[in-house]
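If you want the building blocks of each chain, they are given just below.
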Amino acid sequence: GEDVEQSLFLSVREGDSSVINCTYTDSSSTYLYWYKQEPGAGLQLLTYIFSNMDMKQDQRLTVLLNKKDKHLSLRIADTQTGDSAIYFCAESHLDGGYNKLIFGAGTRLAVHP
Amino acid sequence: DAGVIQSPRHEVTEMGQEVTLRCKPISGHNSLFWYRQTMMRGLELLIYFNNNVPIDDSGMPEDRFSAKMPNASFSTLKIQPSEPRDSAVYFCASSFAVTAPMNTEAFFGQGTRLTVV
């Protein structure tokens, strides 16, 4: 089956690191994604990782992938108030020959002073 | 390209009325997705199309919901009759999907906030 799970809320202090976790079930997923949704807007792609990688770094963002445990995480270093948003984990799943994106429910990140 | 365009941005309707949400995907994209977002259930995939053909509608909650894609540049999601529990933000997304495991970024519209009273 296809299922992506993530915790619903995370609260961090400005300047600290945030770690958002996600688990997925489809071991054949070839790409895993993090999307960001700011208030009143649609989702936008933040970063992605190919399944043969275990880490990807992009400025303040670090994605870690543990394929054995089907666990994905997003670390945001030096978290700022502008990082307050909902973060969605997603896996790419082949269905009927086409790629289908399955999203988690989203983790609401609140950054406080 | 202007991105994925959804209309209306906000819709308030009375219970029992028909509601039609509209989506224009990005030109050249061949996959279109309809999602529903609520506080209780997060983001749920309702239905998706490839090359205008519905591939998977298992997420459509009830027969009151229907979706069409008459051509590559337009899709509708219809709720008839609407109920208060249908209140949510409905997102349309499009992507260029290929029949192979490749990177598939989905581009989302701004969403339609539906309130059924």
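These lines cover the structure that appears in this document, whether it is placed above or below.

The rules we used
Residues numbered from 1 in each chain as written. Chains lettered and ligands numbered in written order. Predicted model: local features only at pLDDT ≥ 70, side-chain atom pairs only at ≥ 80, totals over all residues. Heavy atoms only, no water. Pairing = 2+ DSSP bridges. Helix = DSSP H or I, 4+ residues; strand = E, 2+ residues; numbered from the N terminus. Axes fitted to C-alpha atoms, helices over the stretch in contact; angles between N-to-C directions. Disulfide = S-S within 2.5 Å. Buried < 20%, exposed > 50% of the residue type's maximum accessible area, 1.4 Å probe, protein only.

### What to know about the sheet that holds strand S7 (residues 61-66) of chain A
Residues and elements named next belong to chain A. Ordered by their spatial adjacency, five strands build an open sheet running S1-S3-S8-S7-S6, and the pairing between neighbours is antiparallel. On the outer flanks of this sheet lie strand S1 (4-6) and strand S6 (55-58), each paired with one strand and no other. On average, each strand axis in the sheet is tilted by 15° relative to the strand beside it, whichever way the strands run. Taken together, the six bridges between S7 and strand S8 (residues 71-76) define a ladder with antiparallel strand orientation. Along S8, the bridge assignment pairs Leu61 with Ile76.

### Brief notes about the environment of Gly3 of chain B
Counting through the fold element by element, Gly3 of chain B comes out in the segment before strand S1 (5-7). Expressed as a C-alpha distance, the spacing of Gly3 of chain B and Cys92 of chain B, which sit 89 residues apart in the sequence, is 11 Å.

### Some words on the state of the cysteines
Within the structure shown, the criterion is met by two disulfides over all chains. A disulfide bridge connects Cys22 of chain A with Cys89 of chain A, and the sulfur atoms are separated by 2.0 Å. Here Cys22 of chain A and Cys89 of chain A share a disulfide; its torsion about the S-S bond, -65°, makes the bridge left-handed. Of this pair, Cys22 of chain A sits in strand S3 (residues 18-24) while Cys89 of chain A is found in strand S9 (residues 85-95), placing the two residues 67 residues apart along the sequence. Each sulfur of the disulfide joining Cys23 of chain B and Cys92 of chain B lies 1.9 Å from the other. Disulfide Cys23 of chain B to Cys92 of chain B: torsion about the S-S bond roughly -65°, handedness left-handed. Taken as a pair, Cys23 of chain B in strand S3 (residues 19-24) and Cys92 of chain B in strand S9 (residues 88-95) lie far apart in primary sequence, 69 residues in all. For the residue pair Cys23 of chain B and Cys92 of chain B, the accessibility class agrees, reading buried in each case.

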